[in-house]
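Each chain is listed here by its residues.
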Amino acid sequence: MDDLRTWLEAEEEKASEERCLRTKQDIKAGTMLYRKRPLVWSINPAHRKSTCDYCFKSDPDMKMNRCSRCKTVIYCSRECQLNAWRAYHKL
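These lines cover the structure that appears in this document, whether it is placed above or below.

Cut-offs and rules
- Residues numbered from 1 in each chain as written.
- Predicted model: local features only at pLDDT ≥ 70, side-chain atom pairs only at ≥ 80, totals over all residues.
- Heavy atoms only, no water.
- Helix = DSSP H or I, 4+ residues; strand = E, 2+ residues; numbered from the N terminus.
- Buried < 20%, exposed > 50% of the residue type's maximum accessible area, 1.4 Å probe, protein only.
- Polar contact = N/O pair within 3.5 Å; in protein donor to acceptor, adjacent residues only side chain to side chain.
- Contact = heavy atoms within 4.5 Å.
- Salt bridge = Lys/Arg side-chain N within 4 Å of Asp/Glu carboxyl O.
- Core = buried A, V, L, I, M, F, W, Y, C linked by side-chain atoms within 4.5 Å.
- Disulfide = S-S within 2.5 Å.

## Thoughts on the side chain of Thr 51
Thinking step 1. Position of Thr 51 among the secondary structure elements: in the loop between α1 (2-17) and β1 (65-66).
Thinking step 2. The exposure class of Thr 51 is buried, given its relative accessible area of 7%.
Thinking step 3. A polar atom in the side chain of Thr 51 sits 2.9 Å from the backbone oxygen of His 47.
Thinking step 4. Within the structure, Thr 51 has its side chain in polar contact with the side chain of Ser 58 (distance 3.2 Å).
Thinking step 5. If we skip the residues at most four places from it in the chain, Thr 51 touches Ile 43, Phe 56, Lys 57, Ser 58, Met 64 and Ile 74.

## Here's the deal with the pattern of salt bridges
Thinking step 1. Taken as a whole and assessed by the stated rule, the structure comprises 1 salt bridge.
Thinking step 2. Residue Asp 53 is joined to Arg 48 by a salt bridge in which the shortest nitrogen-to-oxygen separation is 3.1 Å.
Thinking step 3. Taking the relative accessible area as the measure of exposure, Asp 53 reaches 8% and is therefore buried.
Thinking step 4. For Arg 48, a relative accessible area of 25% translates into the label partly exposed.

## Quick look at the nonpolar core
Thinking step 1. Core analysis: the largest hydrophobic core is formed by 10 residues, namely Cys 52, Tyr 54, Met 64, Cys 67, Val 73, Ile 74, Tyr 75, Cys 76, Cys 80 and Ala 84.
Thinking step 2. Taken together, the elements giving at least two residues each to this core come down to β2 (74-75) and α2 (78-89).
Thinking step 3. What Tyr 75 contacts, discounting residues up to four positions off in sequence, is Cys 52, Asp 53, Tyr 54, Met 64, Asn 65, Cys 67, Cys 80, Gln 81, Ala 84 and His 89.

## Quick word on the state of the cysteines
Thinking step 1. Tallying each qualifying case throughout the model produces 0 disulfides.
Thinking step 2. With no disulfide partner, Cys 80 has as its closest neighbouring cysteine sulfur the one in Cys 55, 3.7 Å distant.

Laid out in structure tokens, this is it:
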């Protein structure tokens, strides 16, 4: 029993150092447990011209809109451009 307790304590310590979720009950496969926008992201250079910098929609045939100010980031819609501007891009 002491071996189990030692193992559990070690697992709890590891879990506090890592990003993870633990549960005390069964969870149905496919259940959303946690969702959050990433703090930092990067778009693969190979997909740079066909991926929205805000929502990450990717379609080589979609017309993308380039930011008229920085001329670097692109968006799939005016809505994504406005959302990005409000959230972080104007910084």
